[in-house]
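Working through the structure, step by step
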Amino acid sequence: MHVLRDNARIAEIMAEHGGVIGIGKLVHSYPHSWRSKAPLVYRNTAQWFVSMESHGLRDTAVAELGRTAFYPPAGQRRLTSMIEQRPDWCLSRQRAWGVPITVFVNKATGEPLRDQAVIDRVVDAMREEGADCWFSSDAARFLGPDYNPDDYERVTDILDVWFDSGSTHSFVLEQRQDLVSPADLYLEGSDQHRGWFHSSLLQSCATRGRAPYKGVLTHGFVLDEQGRKMSKSLGNVVTPQKVMDQNGADILRLWVVSSDYYNDLRIGPEIIKRTTDNYRRFRNTLRYLLGALDGFSDAEKVDPAAMPALERWVLHRLAEIDGRIRKMTESFDFHGIFTELHTLCNSDLSAFYFEIRKDRLYCDAADSVERRACRTVMNEVFERLTAWLAPILAFTAEEAWQSRVQDIENSVHLRSYDPIPDGWHDADLGARWAGIRQVRQVVTTALEAARNDGAIGASLQAAPVVHLDAAGAALFEGEDAASLFITSDAGISTDAAPDDAFTVEGIENVAVVFATADGGKCARCWKIMPEVTTEDGICQRCEDVVNAAG
């Protein structure tokens, strides 16, 4: 009889023996094989189990999870809940291949044979011949002279494959001198809370009394740009090798860190294009630094105490970012590291510091303290940025580093994060420059509006007056506002702003009155200065620099 096709006949036979109360039909979902799509057949068979209660396995596992770090933290609650609610672990499977359960059962008593000598013989044989020797060898080979093979039944069930993978902490970590157990980190997809993380925990807690890992990291699944699972039938499969062949390995590495792996990750042509744009920002930052640092040596360095406030602010930002990156590295927050470095390169450096100090690099005297301070800071930025980028943009960071050191033995990947000097961190300075940058945002927006109206062609043609309250004006004490705004002149006023002054919604107590600069254009620095009266004339600052240079 067929267990599925003959259901009605089976029910009739059961009814004839008084074993059925009623017979009817019920429409319901029924489990099917995911591979063959055939309906499953339920069988009542004897199995081997690991008890979750008899030796306190459940309590041990839950306690160990409480001592394990999880990334993201929600994984701890998820796995703990599974352990708290799970039944005993069924270890046995009835299949034609696999790792055998190497147990002999006494036919008379039903008790498993517990004899270390027998186990040792099984282990020795498997080391030499593999697991199949359990099935191909006579039982007497393992039982030895002390037992009659006729008195024992050899178990032919195999182990649950999750027991195999759950044992990796033993045969990987404990067998190698260069590794330690428990592991620092287990990492896999979020589905492994029910799989590898789960079985490894139970196996280790049952045999070692502790978790096999100190930390567990889970990531989402990789989907296409529309959030669909990748499949050949949809034609939406993106292979890592193809991405590397077309864009280089660093683009793929940057995509990984720029994605929040706590959730499912999406990838496709448009996402790769955006990642490539982000990559160019990092690469262009490194290229600018290399150009600006050409010829730089230790003799040129300036002590931070002698630096202008803007340079000391950059050092403060490096100190801030260094502390955050160290913490995020410890917690595997790669997306956070990407965000910090992208903000540094795109907002703090390219759009702010580099833009402001371009004039100083190009036009100040080469030996001036201000220019040397600028290059000193850029050297610090380069050395730290290449170290921070090295684990992410492995090839680009090495290329940039070698462009300066010219020593293949001195690889960027042999470096650590350099310690930050104590004096660099200055919270008050950071707050001051946050206020200056907010004022500058209003000024640059006003200049862009004037450019769009045709009033100016470049910001150096402007000489804005910025109306601030007393606290705002105090931020600019000792600073050259025009250089910060990249204008030829600028004024800071605490007078009430006229009604038509330019403002930005959301930024209070900042108003800009636009005006054009008076004078002629310096042929060297391009600033509009009153002392320039001829077409090829230069300003006083540039004349002093040129004369000093001989």
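Procedures and definitions
Residues numbered from 1 in each chain as written. Predicted model: local features only at pLDDT ≥ 70, side-chain atom pairs only at ≥ 80, totals over all residues. Heavy atoms only, no water. Helix = DSSP H or I, 4+ residues; strand = E, 2+ residues; numbered from the N terminus. Rg over C-alpha atoms; globule rule 2.2 N^0.38 Å. Buried < 20%, exposed > 50% of the residue type's maximum accessible area, 1.4 Å probe, protein only. Contact = heavy atoms within 4.5 Å. Areas by Shrake-Rupley, 256 points an atom, 1.4 Å probe, with all protein chains shown as cover. Lys, Arg positive; Asp, Glu negative; His and termini not counted. Charge placed at Lys NZ, Arg CZ, Asp CG, Glu CD. Disulfide = S-S within 2.5 Å. Domains from an automatic or database assignment. Buried area = accessible area lost by both parts, 1.4 Å probe. Salt bridge = Lys/Arg side-chain N within 4 Å of Asp/Glu carboxyl O. Polar contact = N/O pair within 3.5 Å; in protein donor to acceptor, adjacent residues only side chain to side chain. Nonpolar A, V, L, I, M, F, W, Y, C, P; charged D, E, K, R; others polar. Expected span 1.5 Å × (residues − 1). Pairing = 2+ DSSP bridges. Axes fitted to C-alpha atoms, helices over the stretch in contact; angles between N-to-C directions. Patch = residues over 30% accessible without salt bridge, like charges linked within 9 Å, V, L, I, M, F, W, Y side chains within 5 Å.

1. Brief notes about the overall build of the protein chain
A count of helices and strands for the protein chain gives 20 helices and 16 strands. Taken over the C-alpha trace, the protein chain has a radius of gyration of 36 Å; the compact-globule value for 550 residues is 24 Å, which it surpasses by more than 25%. Dimensions of the protein chain, computed from C-alpha atoms along their principal axes, come out at roughly 115 × 60 × 45 Å. Looking at the protein chain as a whole, 41% of its 550 residues qualify as buried. Pairs at least 24 residues apart make up 69% of the contacts formed inside the protein chain by residues separated by at least 6 positions. Put simply, the protein chain shows about 30,800 Å² of open surface, and 51% of that area lies on carbon and sulfur atoms. Within the protein chain, one finds 59 positive and 80 negative side-chain charges whose respective centroids are separated by 6 Å.

2. Section: the state of the cysteines
A complete count under the given rule lists zero disulfides for this structure. Here Cys-363 is not cross-linked by a disulfide; its sulfur's nearest cysteine counterpart is in Cys-542, at 5.0 Å. Lacking any disulfide linkage, Cys-374 is separated from the closest cysteine sulfur, that of Cys-363, by 12 Å.

3. Let's talk about the domain arrangement of the protein chain
Domain boundaries assigned for the protein chain yield domain 1 (269-425) and domain 2 (443-517). Centre-to-centre separation of domain 1 and domain 2, based on C-alpha positions: 29 Å. Counting residues at the interface gives four residues for domain 1, matched by four residues for domain 2. Roughly 330 Å² of surface becomes buried between domain 1 and domain 2 when both sides are summed, with 66% attributable to carbon and sulfur atoms. The largest per-residue losses of area from domain 1 upon contact with domain 2 belong to Ala-309, Glu-355 and Ile-356, which jointly make up 80% of the total buried on that side. There are zero salt bridges connecting domain 1 and domain 2. Between domain 1 and domain 2 we count zero residue pairs in polar contact (both at pLDDT 80 or more) in total. Going through the elements one at a time, helix H13 (309-330) and helix H14 (334-363) are the ones with two or more residues in the side of domain 1 that touches domain 2. Of the residues contributing to the side of domain 1 that touches domain 2, the split by class is three nonpolar, no polar and one charged.

4. Some thoughts on the side chain of Asp-250
Relative to the helices and strands, Asp-250 resides in helix H11 (residues 249-258). Look at Asp-250: it is buried, it has no salt bridge, and the nearest opposite charge is Arg-253 at 4.3 Å. A distance of 3.3 Å separates the side chain of Asp-250 from the backbone nitrogen of Phe-395, its partner in a polar contact. One polar contact links Asp-250 to Thr-396, side chain to side chain, over a distance of 2.7 Å. Setting aside residues up to four positions removed in sequence, Asp-250 forms contacts with Tyr-279, Ile-392, Leu-393, Ala-394, Phe-395 and Thr-396.

5. A few points about helix H12 (residues 269-292)
Helical geometry: 3.6 residues make up each α-helical turn, so side chains three or four residues apart lie on a common side. Over its 24 residues, H12 extends 34 Å from the first C-alpha to the last, a length consistent with the 34 Å expected when each residue adds 1.5 Å. All of the buried residues along H12 are Ile-271, Ile-272, Thr-275, Thr-276, Asn-278, Tyr-279, Phe-282, Thr-285, Leu-286, Leu-289 and Ala-292. For H12, the elements touching its buried residues are helix H10 (240-247), H11, strand E11 (265-266), H14, helix H15 (369-389) and helix H16 (394-405).

6. Quick notes on the sheet that holds strand E13 (residues 491-493)
With mixed pairing, the three strands of this open sheet are ordered in space as E13-E12-E14. Both edges of this open sheet fall to E13 and strand E14 (510-513), since each of them pairs with a single strand only. Ignoring which end each strand starts from, the neighbouring axes of this sheet average 25° apart. Along the sheet, helix H17 (residues 427-452) contacts strand E12 (465-468) and E14; its crossing angle with E14, the most-contacted strand, is approximately 35°.

7. Some points on a nonpolar patch on the surface
Taken together, the side chains of Tyr-30, Leu-40 and Tyr-42 make up a nonpolar region of the molecular surface, amounting to roughly 320 Å² of accessible area. Topologically, Leu-40 is positioned in the loop between helix H1 (7-16) and strand E1 (49-50).

8. Structural notes on the pattern of salt bridges
The full count for this structure, using the stated rule, is 32 salt bridges. Measuring nitrogen to oxygen at the nearest pair gives 2.8 Å for the salt bridge that ties Arg-176 to Asp-178. Bridged by salt links that share partners, the residues Arg-317, Glu-320, Arg-324, Glu-340, Asp-348 and Arg-437 form one connected network.

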